[in-house]
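# A look at the structure
Here are the chains, one letter per residue:
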Amino acid sequence: MAVFSGRMPTTRQLQCFVAVAQELNFRRAADLLNMSQPPLSRQIRNLEDLLRIKLLERDTHRVSLTSAGETFAQEAQAILSRLDAALETMRNERIGEDADIRLGLTSVIDFSLVPGIHRVLNDITPPAQIRIEHAYSKHLLERLRSGEIDLAIVGNIPRQGEEFEIRQVAREPLIVALSEAHDATRKERVSFADLEGMVLFWFPRNDNPAFYDNCERVFADFAYEPPRRPEPGEHVELLANIAAGKGIAFFPASLRAASRLGVVYRPFIADIEARLTIPLQLLWRSNETREEVLRMVDRLLQAAA
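Okay, so let's go over this structure. Model, not experiment: these values are computed from the prediction.

### Describing the nonpolar core
Counting 44 residues, the largest nonpolar core has Ile153, Phe250 and Leu276 as the members making the most contacts within it. The set of elements that each furnish at least two residues to this core consists of strand S3 (101-106), helix H5 (115-121), strand S5 (151-154), strand S6 (164-179), strand S7 (200-202), helix H7 (209-221), strand S11 (277-285) and helix H10 (291-304). Apart from residues no more than four positions distant in its own chain, Ile153 is found in contact with Leu103, Gly104, Leu105, Thr106, Phe111, Ile117, Leu140, Val169, Leu280, Gln281, Leu282 and Leu300.

### Here we look at the layout of surface pockets
There is about 370 Å³ of room inside the second largest pocket. Every residue lining the second largest pocket is counted, 18 residues in all, and those nearest its centre are Glu23, Leu24, Arg28, Arg62 and Val63. Listed by contribution, the elements that provide at least two residues to the lining of the second largest pocket are helix H1 (11-23), helix H2 (26-32) and strand S10 (263-267). Residues of the lining of the second largest pocket, tallied by class, amount to 5 nonpolar, 6 polar and 7 charged.

### Thoughts on the side chain of Thr106
Structurally, Thr106 is set in strand S3. Within the structure, the side chain of Thr106 is placed 3.5 Å from the side chain of Ser137, a separation counted as a polar contact.

### Looking at the environment of Glu180
Tracing the backbone through its elements, the reader meets Glu180 in the loop between S6 and S7. Taking the C-alpha atoms as reference points, Glu180 and Tyr265, 85 residues apart in sequence, are found 8.8 Å from one another. Aside from chain neighbours lying at most four places away, what touches Glu180 is Leu24, Thr185, Gly262 and Val264.

### Thoughts on the side chain of Ser64
Looking at the secondary structure, you find Ser64 in strand S2 (residues 63-65). Take Ser64: its relative accessible area is 15%, and that puts it in the buried class. With residues up to four places along the chain from it excluded, the contact list for Ser64 reads Leu24, Leu55, Leu56 and Glu57.

### Let's talk about the packing of aromatic side chains
The tally for this structure, following the rule as stated, stands at 16 aromatic pairs. For the ring pair Phe192 and Phe222, a centre distance of 5.8 Å and an interplane angle of 75° mean the geometry is edge-to-face. A residue pair is termed long-range when its members are at least 10 positions apart, and Phe192 in the loop between S6 and S7 and Phe222 in the loop between H7 and strand S8 (228-230) qualify at 30 residues. Judged by relative accessible area, which is 31%, Phe222 ranks as partly exposed. Ring centres 4.2 Å apart and planes at 5° place the aromatic pair Phe192 and Tyr224 in the stacked group. Of this pair, Phe192 sits in the loop between S6 and S7 while Tyr224 sits in the loop between H7 and S8, and the two are 32 residues apart along the sequence. Ring-pair connections join several aromatic residues into one group, and the members of that group are Phe192, Trp202, Phe203, Phe211, Tyr212, Phe219, Phe222, Tyr224, Phe250 and Phe268.

Analysis parameters
Residues numbered from 1 in each chain as written. Predicted model: local features only at pLDDT ≥ 70, side-chain atom pairs only at ≥ 80, totals over all residues. Heavy atoms only, no water. Core = buried A, V, L, I, M, F, W, Y, C linked by side-chain atoms within 4.5 Å. Buried < 20%, exposed > 50% of the residue type's maximum accessible area, 1.4 Å probe, protein only. Helix = DSSP H or I, 4+ residues; strand = E, 2+ residues; numbered from the N terminus. Contact = heavy atoms within 4.5 Å. 1 Å grid on protein atoms, 1.4 Å probe; cavity = no way out; pocket = protein on both sides within 12 Å on 5 of 7 lines; lining within 4 Å. Points joined across faces, edges and corners; volume = space filled by probe spheres on them. Nonpolar A, V, L, I, M, F, W, Y, C, P; charged D, E, K, R; others polar. Polar contact = N/O pair within 3.5 Å; in protein donor to acceptor, adjacent residues only side chain to side chain. Phe/Tyr/Trp six-rings, centres within 6.5 Å; stacked < 30°, edge-to-face > 60°.

Put into structure tokens, the structure is as follows:
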């Protein structure tokens, strides 16, 4: 049964509240939402007035969630996730299986937060219908090679032969996800020394050998030797372990949108950030002749310029 009420919060109010609940800092939340602090504060006040519940405790030194705020943050995140899934389903149904272009995107990046690419993929008047699928980079390479997809945007991959054209379209820095109780959360940027002794949830080399090896070179250069534990198969489980203080993980910066109570994200200091990045590369077959595919290649390259 549909629910109609004059006291429904807007999606923007929910987004603002979830960002503040995630960061526990109005300035960082405003940066995350690409807005200034005054309108963010107004959105939170309006939401609290609408719900007639105090969600946040804040003073000049800190921001914290009330008990009601903690509960509502989880519900708000679930609502936003369901809405995003519903929109994705509608887009897929509208496009259907008769798409002119089949585009694969690496599943480890949230492309809605990669501006140039996001604009192209959400253009309401594309030159061709697009079907988008998400998978790990190595699987997308296999599907591109077999002709099951026409284009792929993947992360760091080994050098390829002449069968593919490859262009870099973006770089995604890694950030660290850690428990809100960790001392490093007090810093704007963290170093490996700040993470000393913490278990690192890490992926196996065969998932992406090129990226794995690059990270290992960075670790060696900075004398970073953390105790390791395999990443859980489910992202939700990984975040739960981090919130419980069982370890840390390194995520692409765009994935900080996947908030969870008790988990805080911090960028690395500049020297580490410059090297601990994922280059996003656009690939298509060298013998591609279809005009609609090549036009999409041009649009993505122009958006990345």
